[in-house]
Amino acid sequence: MENKVVLSVQKLSKHFGDNQVLKGVNLDIRQGDKIVIVGASGCGKSTFLRCLNCLEDPTGGHIYFDGEDLADMKVDINVHRQKIGMVFQNFNLFNNLTVLQNVTLAPIIIAKKKIRKIKTKNFLTKIGNFFTREKAPLLEINQTIEEIKAQANAKAMELLKKIGLEEKANAYPSTLSGGQKQRIAIVRALAMEPEIMLFDEPTSALDPEMVGEVLNVMTDLAKSGMTMVIVTHEMGFAKNVANRVLFMDEGVIKEEASPEEFFGNPKNERLKDFLSKVL
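Every value quoted in this text rests on a predicted model; they were computed, and no experiment measured them.

Criteria and cut-off values
Residues numbered from 1 in each chain as written. Predicted model: local features only at pLDDT ≥ 70, side-chain atom pairs only at ≥ 80, totals over all residues. Heavy atoms only, no water. Helix = DSSP H or I, 4+ residues; strand = E, 2+ residues; numbered from the N terminus. Contact = heavy atoms within 4.5 Å. Areas by Shrake-Rupley, 256 points an atom, 1.4 Å probe, with all protein chains shown as cover. Pairing = 2+ DSSP bridges. Axes fitted to C-alpha atoms, helices over the stretch in contact; angles between N-to-C directions.

> So what's going on with the overall build of the chain? Which residues, and what values?
Across its full length, the chain holds nine helices and ten strands. Over its C-alpha atoms, taken along the principal directions, the chain stretches across nearly 75 × 45 × 45 Å. Long-range pairs, those at least 24 residues apart, make up 65% of the contacts in the chain with a sequence separation of at least 6. When the accessible surface of the chain is split by element, carbon and sulfur atoms take 50% of a total near 14,700 Å².

The following block contains the structure:
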């Protein structure tokens, strides 16, 4: 029995002016999938990932996640973005914050927003209760801000320990190597406890000797069962970790297969040419 579909992409298109980058992409991402997307630069891989995480608005098509269409402009994308972690080429860490603060920033902000919403609802309920006989109950706030911060810090330290960087918790990103920064960026995304993780060429900005340490973290994450979609040029990683490999060309997916079939018996002529240059 196949795992449930976590995210479904249907006829996704994206224009930048007169340039159509995505031309009707279809893809079902199932729970536990490790999907690697390969292709030449400019074929639409990164744009595709950015659409999945609502960093780009699709021109057409649908992205179904948690029963809602993320391509619908009426949907609160920030709610869904919390469940779709993304790791970029260039880390995107805040240099004025420590490693620990980088990892805990988003969980703390989101928790504070939830508390503010509850307080606002309770305030309105109290006003309503003043004018009615039947008193509506107030919503309970289960945690204080201090407790939220302590919980976020504990979770962050647990994640940092898993990647061997707990001693860097109070360091600033400027003091870290590229490999360390990218591992922190992965942990920062994991701190949100996402349902799916997107990786946009996570090793392309790294020196060769740092690539392995990032790929090792990603391999461990894959073994843990995380659903992952990875754009990468690391063909060895694709062969060893992916359960599905996709070749994107000219804004569409031109071939999809298991790693064994994809690399051992490619059918598309453009894919054959691509693999002859990268393997």
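Having seen it, we continue.
> Before we move on, could you go through the pairing of strand β10 (residues 252-257) and cite the residues and values that matter?
Two elements, strand β9 (residues 244-249) and β10, share five bridges in a ladder whose sense is antiparallel. In the sheet register, methionine 248 faces β10, and the bridge partner there is isoleucine 253. Here β9 folds back onto β10, and the loop between the two strands holds two residues, one of which, glutamate 250, carries a positive phi near 55°.

> Run through the sheet that holds β9, naming residues and quoting values.
An order of β6-β7-β8-β3-β9-β10 is seen for the six strands of this open sheet, with the pairing classed as mixed. Looking at the sheet topology across the chains shown, the edges are occupied by β6 (84-87) and β10. This sheet shows a mean twist of 20° between the axes of neighbouring strands, independent of strand direction. Along the sheet, helix α1 (residues 45-52) makes contact with β3 (34-38), β6, β7 (196-200), β8 (227-231) and β9, crossing β7 at roughly 150°. The sheet strands contacting helix α9 (residues 269-278) are β3, β9 and β10, and the helix crosses β9 at an angle near 100°.

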